[in-house]
Each structure stands twice: as structure tokens, then as C-alpha cells.
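# Geometric and topological summary
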There are 2 protein chains.
Amino acid sequence: MPTIRDVAKLAGVSTATVSHVINNSHVVRPDTRQRVLAAIERLNYRPSAIARSLTTSVTRSIGVMVADITNPFFAAIVRGIEDRLETHGYNLIVCNTDEQASREARDLELLLARRVDGMIIAPTGEPQPLLREFVAHNIPLVFIDRKPPEPCGPVIAIDTRAGTYAATDHLLRLGHRRIAILVRSPMLSTVVGRLDGYRQALRDHHLSVDESLIYVSDYAVEAAHETAHRLLSNSPWLTAIIATNHAMTLGLLEAMQEQYLKYPDDISLVAFDDNPWLTLVTPPLTAVRLPIQALCDATVKTLRAAMENQAQSKKSSHVESQPLPDILLQAELISRASCRKI
Amino acid sequence: MPTIRDVAKLAGVSTATVSHVINNSHVVRPDTRQRVLAAIERLNYRPSAIARSLTTSVTRSIGVMVADITNPFFAAIVRGIEDRLETHGYNLIVCNTDEQASREARDLELLLARRVDGMIIAPTGEPQPLLREFVAHNIPLVFIDRKPPEPCGPVIAIDTRAGTYAATDHLLRLGHRRIAILVRSPMLSTVVGRLDGYRQALRDHHLSVDESLIYVSDYAVEAAHETAHRLLSNSPWLTAIIATNHAMTLGLLEAMQEQYLKYPDDISLVAFDDNPWLTLVTPPLTAVRLPIQALCDATVKTLRAAMENQAQSKKSSHVESQPLPDILLQAELISRASCRKI
DNA sequence: CTGTTAGCGCCTTCAT
DNA sequence: ATGAAGGCGCTAACAG
């Protein structure tokens, strides 16, 4: 591939001049500029982002770590982030942690070595000492959807506490008293929130919380499926179930189908994370809709602000900018036909 | 961040030695090795992938371009590729082209500047002169799912022609004669295949093809939704519909719901791209299952082979390795309850 | 076995 | 307005 030197030679100027026309970093006489541009064109020259990064220590690449891009929730997040960042010349290095701390650690390692300009992370929930490394080197970290065990950056999340509260409250108002909830490991900040909301709603209705109605399942659809079967078999007297993510909803519906249980006749249902297909099952599912676009918006804005801060503090040192705030977005209960009055 | 020089200084050796212990590129006496390792540890040193790339001209990053990661098909592809590449120390730079040639061009530009080691592309279908640039610079290109307008790399795809043939044939054998098909722009290679299969099946059953039963829709769910409405209103006499991707299936089902049309009673249905939720609608949808894992497998293998070739040819020049073959994977029709005999 | 040296391709003072 | 030179962090010969 041609280098800046080839261009300089062909245009009969120095590499400095070429650099200046490329970056508009300096005024260049129109005719020399034209010559340079012509040379660039002729050689099909493209500045090496690598070399540029080395000198400027700016990579214009952002690390994005999510648990599983196959989950529509995260797919939408990646897309939303890409949409908002690609237009500014950033590239995304996307990593699937698959909910494994070890993979998360390896990915962090790789991205650190790659000197990304910033990171957007949906953390697994395990503590990651490597994160300290990022903050030590002033690489902006923004957490999306989930809070890391040790705070080390702004958290942009959805108020799942309120979301679950709304779901539970909705069922309670319909007269339900024995409401099961299907969640992932309570290690995750989002799960803590969900359970909080669930418990609070019960308490507000002067009901005690039956811990045996809280079903914890692993992340995969198959695991959710199994757990759902257990749930349905163990607690025949319950009247409603809240599934707190896409996989749980899928697994639960499969299990119900297999056990010939109908909703809302046998059991009422509320799903988390709305999705087009939820309206296509019979009857359509009541769901808590998560504001994904707003989430991406806030996340990218926060990240850009953080990177801005970081750039500033590099120039004029000791201008401590205040840390960026966490943001909590509200979810919305969409009432459809999967809950009945009892 | 500490550099290799800091490590060398602290360990009392030269940078070359440090480099050698990092890369195992040379035998180093055990005790010096230990000192170096200790220094690395103490400084929390991490080699800069940027600098390394500049000297070795290897980035260990792969560009991945898909239309829309929000489509479960592509989400699964990205995940499948990541799974198979991350373990080898590669990172994915993921780009959403959103089916727009302009965005695709911009992404190609960025990835070229980033000097990726290879590319996996699901092309939009528009000609992209920039692709020539990649082949000119010997950057391996592998196309996944779709064929680019001008051949410039191996194509790993699913035999959609056979898949649609099977779907159409299935309906024909059930006695259907007026079968509509919902597709995207026939510009795409995958759509050409689909229509071929459809037409061929009809011909094989000695039926003429009614072009008015071929409904072309834009990519988004909303577009599919509208087109589906048109389809349902314009052709009241048809007895079956084939929806050729996830968005089409969604849009069609929504439209049928809105028009109070039941399947399989009013119309029989076959969907492309199986998905867990297809078994949860009532009745479960007959679908063509796409072998996504095999697709990712073949794609990554081909890419790695191509990169291997490229590396070899760099060493011993003029050892022309034969071009890698295209691969066509077979889809499978999963018969469920959405088609009835007539 | 270890150190010296010369780039990789680019940007950036600092002169001119 | 343009050029010369140094350096970003690392690896790859080659010497010792």
C-alpha cells in the first residue's frame, strides 16, 4: 500500500504538507493542495489508521461488550450504539462475553491492548480487576443496562425495579395473590432490581413474599425452559407468572405449551422486553417495554461526554471535570390479553 | 501507559529481550526471563496492539459487515463468527450497513484504513468499487449469505433456491395452486435464488408462474407489513403464502391478524428462517430452517484458509494458491401445522 | 543468549 | 506556506 511518502514524492512536496492537506491542520496554498490531492487520487492512497493511532494515540474505536448478541435486547443495543457512533467515524469492536467472567476478562485484555478510546459494557456481574486498569489509564467506561460490582463508571440502565413493580402491581390489582417470577442469577444488578420491585409491590399490597415463588434460572433458553417446567410442576396453585427477559419468556411459553397450560385461563403472564412476536401469540402477551433507543442515546451521549472530558483533561491538566451521572430510564407496561381478573 | 522501554529499563535488559520474552520469538535465559516477567508484572505492562500492528502489519482484527444485526439471522451469524474467532485472538469490527450502499461504502473505507486482516461481508447488492481495493491489497474477502454483484471472493451461502423449492413443493403437494411469495428486492442474490426455486417448483408441477403473486417489499418489518396487507387484499383467491425472511414473517402475521385471517384455514403459510417463537404461535409455523452454525463454520474456515494463503504468498512469493471454493449449505423444511391440504 | 539499530507510517514542533 | 527531523511503541535483522 502506498504511504504518505509516496504521495509526497509524487506531488513533489514534503510529507508534512501531505499530512496538512489530509487533516486540514494547516493552511496550504491551493495549487499545492491540488497537486497533493491529485497524487492521493492517483495512488489510491489511504492513510493508515494504525500509524495515525500510534502518533496521535487516538484509535477512534470503541469496545462494546455484551452478554449475547443473540438476545434481541442486546442486538438492538449494539445496533443503536453503532448507528450513533459510526456517523462520527468510530468503529465498534464487539465482544460476546456469553455471560462468562473468563471470557469477559479476556475481552477486556484484548481491548485494553487495542487502546480503544472508550468502552460500553454490559458486565457479567463478576468483579473484574482489569476495569481498574482502564480507569487508571483514563479510558472512559460506560456501563449499559447492568451495574458492575465495583463502581467504575457511569451506569445507564433501565429502572427494572419500577418495571417489575408495575408488572407485579398490575397482576395484584387483577386479584392475583400467588405470583411467581422467573429471573436470572440474583448476582446481576438488574435482577436485584427486578426482585426489589416484585417484593415491594407485594408488600405494598400487604402480602408477604413467598421466596419459593422466585425461580432462578441460568441464562440460556434451554435452562429457562427447564426451570419453567419445574415452576409449573412445583406450584400448581399459582395464578400468575412474570418472565423477566426474552429467554425466560420463550422458555416459559414452551413449557406451558408442553404442559397444555393455557394463558390467561390457567395462568396469567407478563413478559419483560417487548418484541414484535409477543403480539402474534394467542392471546397477545402483556409486556414491559424497555426503552432501548433512549438507552442507547443516553449511553452514547455519556460516552462522548466522557471522552470529551478525557481529551480536555489531557490538554489542560488538573481541570477535574465532575464525574458523569448515572441515568435510569423508565420502562412501560403494555397491557394486552395475557392477564385475567380473578 | 508503560512502554516496552520502561520494562527493559526496570529489568535491566534491552527492549529486544523484552520483545523476545513476550513473543517467545527467541530463547531467553530463564533468570533474565524471570526478571523481565517481574518487570512486566510490576508495571502492569501491556504491549500496544497498535504499535505491534504497525511493525508487523498484522492487526488481528476482522471486519464484519451485515445488513442489520437486529435480524436474528445476522445476530446469530455475528455471534457464530465471534465464537470461532475470538478464541484465536481476533477481534471483530462489526458494521451495520442497514442495507444502504452508501453506508456500506463508508464502512469499507473505514475498515480498509484500519488495515483489517480479513473481511466477512453480507453485501447489500450494490457494486462497491472499494472491494477491488481489498483484493488488490490481498486482504481476504469472504462473502456470507449473499453474493456480491462482481465476484471478488468466495461465497459461503445457503442454498435458498433449494429451500424455496422445498417450501413451494411442499405446498404444491398439499394441493395448493395459487401460492404467493413475499420477497425482498430481486437485486439480492439470495432473492434471485428464492424466486428461482419458487418458479422451478411450479414448473415441475406443470403450472405457469403468475408474476403477480410475487410480492416485493423493502427490508423493514413495517414495509413487509404494508406489502403483506396489499398481498392479502389484492389476491383474495390465493391459498398459500411463503414469507422469505424473519421480517416478512412478522409483517405477514401481523397483517393477517389485522385482517382476521386464520392459517391454515384461510391461507397456508411457510416461513423462512426458523426461530423459537415460530412454535409458539397458534398453530406452529412450518418453516425452512437455515443452517446458521454450519454457515459460520464454513465461513470462518474459509477466511482462515484465505488468510493463511495470503501469509504464505507473502513469504514465498509467486506460489499462487488456487482460489477458495464457494460453499452452498442445505436448508431444511420443518413441517409443522401452518399448511393444510386442499 | 542479549544488545544495537533501523525502520513501520504518520503527525508535529521548529525552522526556513 | 513548506520542509526537516524526531518520535509514537514495537519487532526484526544482525552483531557481539
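Residues numbered from 1 in each chain as written. Chains lettered and ligands numbered in written order. Predicted model: local features only at pLDDT ≥ 70, side-chain atom pairs only at ≥ 80, totals over all residues. Heavy atoms only, no water.

### Description of the pattern of salt bridges
- Following the criterion strictly, the structure yields 40 salt bridges over all chains and no others.
- Close ionic contact of Asp 31 of chain A with Arg 29 of chain A constitutes a salt bridge, the shortest N to O distance being 3.5 Å.
- Salt bridges linked by common partners bring Asp 68, Asp 98, Arg 103 and Arg 106 of chain A together with Arg 79, Glu 82, Asp 83 and Glu 86 of chain B together as one network. (Salt bridge = Lys/Arg side-chain N within 4 Å of Asp/Glu carboxyl O.)

### With respect to the interface of chain A and chain B
- Listed per partner, the contact involves 57 residues of chain A and 56 residues of chain B.
- Roughly 5100 Å² of surface becomes buried between chain A and chain B when both sides are summed, with 54% attributable to carbon and sulfur atoms.
- Residues Glu 86 of chain A and Arg 103 of chain B are paired through a salt bridge, measuring 3.7 Å at the closest nitrogen-oxygen approach.
- Elements with a contribution of two residues or more to the side of chain A that touches chain B: α4 (49-56), α5 (72-86), β2 (91-96), α6 (101-113), α7 (130-136) and α11 (246-258) of chain A.
- Tallying contributions element by element places α6 of chain A first for the side of chain A that touches chain B, with 8 residues.
- Class assignment for the residues of the side of chain A that touches chain B results in 27 nonpolar, 14 polar and 16 charged. (Contact = heavy atoms within 4.5 Å. Buried area = accessible area lost by both parts, 1.4 Å probe. Helix = DSSP H or I, 4+ residues; strand = E, 2+ residues; numbered from the N terminus. Nonpolar A, V, L, I, M, F, W, Y, C, P; charged D, E, K, R; others polar.)

### A short note on the sheet that holds strand β6 (residues 179-183) of chain A
Residues and elements named next belong to chain A.
- Across the sheet, 6 strands lie side by side as β7-β6-β8-β9-β10-β12; this open sheet has mixed pairing. With one partner strand each, in any of the chains shown, β7 (214-216) and β12 (332-334) form the two edges of the open sheet. Shown here is a sheet whose adjacent strand axes are inclined to one another by a mean of 20°, direction ignored.
- Bridge analysis of strand β10 (residues 286-289) against β12 gives 3 bridges, and the strand direction is antiparallel. By the bridge assignment for β12, Arg 289 is matched with Glu 332. (Pairing = 2+ DSSP bridges. Axes fitted to C-alpha atoms, helices over the stretch in contact; angles between N-to-C directions.)

### Some points on the domain arrangement of chain A
- Along its sequence, chain A is organised into domain 1 (4-47), domain 2 (61-158 + 293-329) and domain 3 (160-289).
- Each of domain 1 of chain A and domain 3 of chain A has a C-alpha centre, and these two points are 63 Å apart. (Domains from an automatic or database assignment.)

### Looking at unusual backbone geometry
All names here are of chain B.
- Backbone torsion omega between Tyr 263 and Pro 264 reads -5°, so that peptide bond is classified as cis.
- In this structure, Pro 264 sits in the loop between α11 (246-258) and β9 (268-272).
- One non-glycine residue, Arg 60, lies in positive phi territory at about 55°.
- With respect to the secondary-structure elements, Arg 60 resides in the loop between α4 (49-56) and β1 (61-66).
- The backbone of Arg 115 sits at a positive phi, close to 55°, despite the residue not being glycine.
- Within the secondary structure layout, Arg 115 lies in the loop between α6 (101-113) and β3 (118-121).

### Things to note about the packing of aromatic side chains
- The final tally for this structure, using the stated rule, is 3 aromatic pairs over all chains.
- Between the NZ or CZ atom of Arg 60 of chain A and the centre of the ring of Tyr 90 of chain A, over which it lies, the distance is 4.5 Å. (Phe/Tyr/Trp six-rings, centres within 6.5 Å; stacked < 30°, edge-to-face > 60°. Lys NZ or Arg CZ within 6 Å of the ring centre and 35° of its normal.)

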